[in-house]
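Observations on the model geometry
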Amino acid sequence: MEIANYMPLVLLAIMAVGVAGLIIGLATFFGPKNPTREKMMPYESGSDPIGTPHGMRFSIKFYLVAISFILFDLETIFVIPWTMTWRDSAALGHGLYSFGVISIFLAILTIGLVYEWSQGGLEWD
Amino acid sequence: MAEVLITLVKIIVIVFVFVLGVAGSMTLLGDRKQSARIQNRVGPNQAKFFGFSLLGFPHFIADGIKLVLKENIVPAQANKFLHTIAPALVFIPALIGWSVIPFMDHYCTGTVMTLPEHGYTEVCVDGEWKNYFSIMHMNSGVLFAFAIAAISVYGAAIAGWASNSKFSLLGGLRSSAQMISYEVAMGLSLAGALLIYGTLNINEMVRMQGNLLGDWLPMWGIVIQPLAFFLFLLAGLAETKRAPFDLPEGESEIVAGYLTEYTSMKFAMMQLAEYAATVFIAALVAVVFLGGWQMPWVYADGIRIFGNHWTPFGEEVWYYISIVLRIGAITFKILFLVWLQFMMRWTLPRFRYDQVMTLGWKILLPLSIANLFITAVIVTILA
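Residues numbered from 1 in each chain as written. Chains lettered and ligands numbered in written order. Predicted model: local features only at pLDDT ≥ 70, side-chain atom pairs only at ≥ 80, totals over all residues.

In this section: the interface of chain B and chain A. The interface is formed by 62 residues belonging to chain B together with 54 residues belonging to chain A. Only α1 (2–38), α3 (80–96), α5 (166–197), α10 (264–289) and α12 (353–382) of chain B provide two or more residues apiece to the side of chain B that touches chain A. For the side of chain B that touches chain A, the leading source of residues is α5 of chain B, giving 15 residues. Class assignment of the residues belonging to the side of chain B that touches chain A gives a composition of 40 nonpolar, 14 polar and eight charged. (Contact = placed C-beta atoms within 7 Å. Helix = DSSP H or I, 4+ residues; strand = E, 2+ residues; numbered from the N terminus. Nonpolar A, V, L, I, M, F, W, Y, C, P; charged D, E, K, R; others polar.)

As structure tokens, this is what we get:
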């Protein structure tokens, strides 16, 4: 693909950014502006907020999910090129070899998933 | 210059008329009128246009005007810049992804011939393919669509963080954790289908699904990869944070999640982007698993079934008829999938958060790995 082929994408991106900017502009410039202290207060069931959310503690599980995501998404990144090149290997007569390699790869990842599962990394309590 | 004009027309028709039209009318018909029917209510019928309530359509316009005229509130101590760009970060990817969705095969300036002995491939004789029906012909379209769709995670997370509200922060965390969890299962279930198609180009993929098994059964993705279809659809549902998966906005627990501190058109933009994402997931499922613009037994040079070939109205006229039929087919498929998502949304109760995570990591992920492995075994044996 040449650079010129990406022209529609650039046009669409410009238009999407333009529309998004227009909508935010509408939100900002139309409508009344009379802020009061109560109105500007972050919502906390109507009472004065206690502390800031940025010092708030939350479950460590969200970090675990993010780390697992990185591992398994990397797996997808390795698997998808293999699905594309499998045909070429098969045409050269290396189909079985290619399949064996990806089987080992998938097996290692499955072991990883089983290990994480058995260690309780996927539990939410 | 003509090329730029054609592209502009395509962008306006596909993205701004079709997508935003469907997304907008869905907020009304799908989310308000249909939900009202399901819950035995009447739904919006008070705003009238010359005395007609028109299925509540004037409400849609009235709501739009009302939202424009509302005050735009940014909470005190919130990060103003991030709070403002977060809706755009959700909205822009929902539109850009549409650049790779084909609404019809390329237009052939010559005559199209279908070759039943070569898997019902269509070739263009005495002419060339002109790309009139998708915004862009990209050789790695599926990857691009995924990459773009994944960006909206940032929008939700930033909206949650920048609002300076505890509910927003929790909603942002929940939504990002949920979206990344299901992205894994989505990508892996897709890998099985990609292994069979052997291409990342969405239009090529749809062309391959024109093949007929035993000269009558359309070889759509759902036929060759039934398990992957269900995994992908489920993961896609969770990805749009709709249906039973709307934990990030679970109002009984965290008010409105990351939307809590949004008002006016910024709120409307977030909502519209979510509906646009619903339509986008429907389009992805349609092109990868439901044959895209393929209509069973309808080919550019006539109708073919059981080895019979029949061209009504002559070749020239039939080509145009087939174009209309095929555009109708993909539109119907997208609308059907959108309708399905809304039916699920209003029929099923919301999951608990641990159930969502269990479904994503303990059920969909192992199943998608198994699906990929079994597909690889079958493909290797058949080769």
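Now for helix α8 (residues 226–239) of chain B. All names here are of chain B. For α8, built from 14 residues, the straight-helix expectation of 20 Å at 1.5 Å per residue is met to within 8% by its first-to-last C-alpha distance of 20 Å. Here α8 lies mainly inside the structure; eleven of its 14 residues are buried. Residues of α8 that are buried include every one of A228, F229, L231, F232, L233, L234, A235, G236, L237, A238 and E239, and no others. Where α8 is buried, its residues meet α5, α7 (221–224), α10, α11 (314–347) and α12. Positioned one or two residues after α8, K241 has a phi angle of 55 degrees, which is positive. (Expected span 1.5 Å × (residues − 1). Buried ≥ 20, exposed ≤ 12 C-beta atoms within 10 Å, placed from the backbone.)

Before going further, it helps to examine the nonpolar core. All names here are of chain B. Judged by nonpolar contacts, the single largest core of 138 residues is most densely connected at F91, L95, F232, A276, V279, F280 and V285. Per element, the largest residue contribution to this core is 21 residues, and it comes from α10. Both domains that furnish three or more residues to this core are identified here as domain 1 (20–69) and domain 2 (75–382). For A276, the contacting residues outside a window of four places in its chain are V19, L20, A23, A94 and L95. (Core = buried A, V, L, I, M, F, W, Y, C linked by C-beta atoms within 7 Å. Domains from an automatic or database assignment.)

The next subject is the pairing of strand β2 (residues 111–115) of chain B. Residue and element names in this part refer to chain B. Of the strand pairs in this sheet, β2 and strand β3 (residues 121–125) are connected by five bridges, and their pairing is antiparallel. The residue of β3 that forms the bridge with M113 is V123. Here β2 hands over to β3 after five residues, with G119 in that stretch at a positive phi of 65 degrees. (Pairing = 2+ DSSP bridges.)

All names here are of chain B. For chain B, the assigned domains are domain 1 (20–69) and domain 2 (75–382). Here the C-alpha centroids of domain 1 and domain 2 sit 26 Å apart. Taken together, the contact between domain 1 and domain 2 spans twelve residues of the former and twelve residues of the latter. At the level of secondary structure, the elements contributing two or more residues to the side of domain 1 that touches domain 2 comprise α1 and α2 (57–68). The biggest single contributor to the side of domain 1 that touches domain 2 is α1, with ten residues. Tallied by class, the residues present in the side of domain 1 that touches domain 2 amount to seven nonpolar, four polar and one charged.

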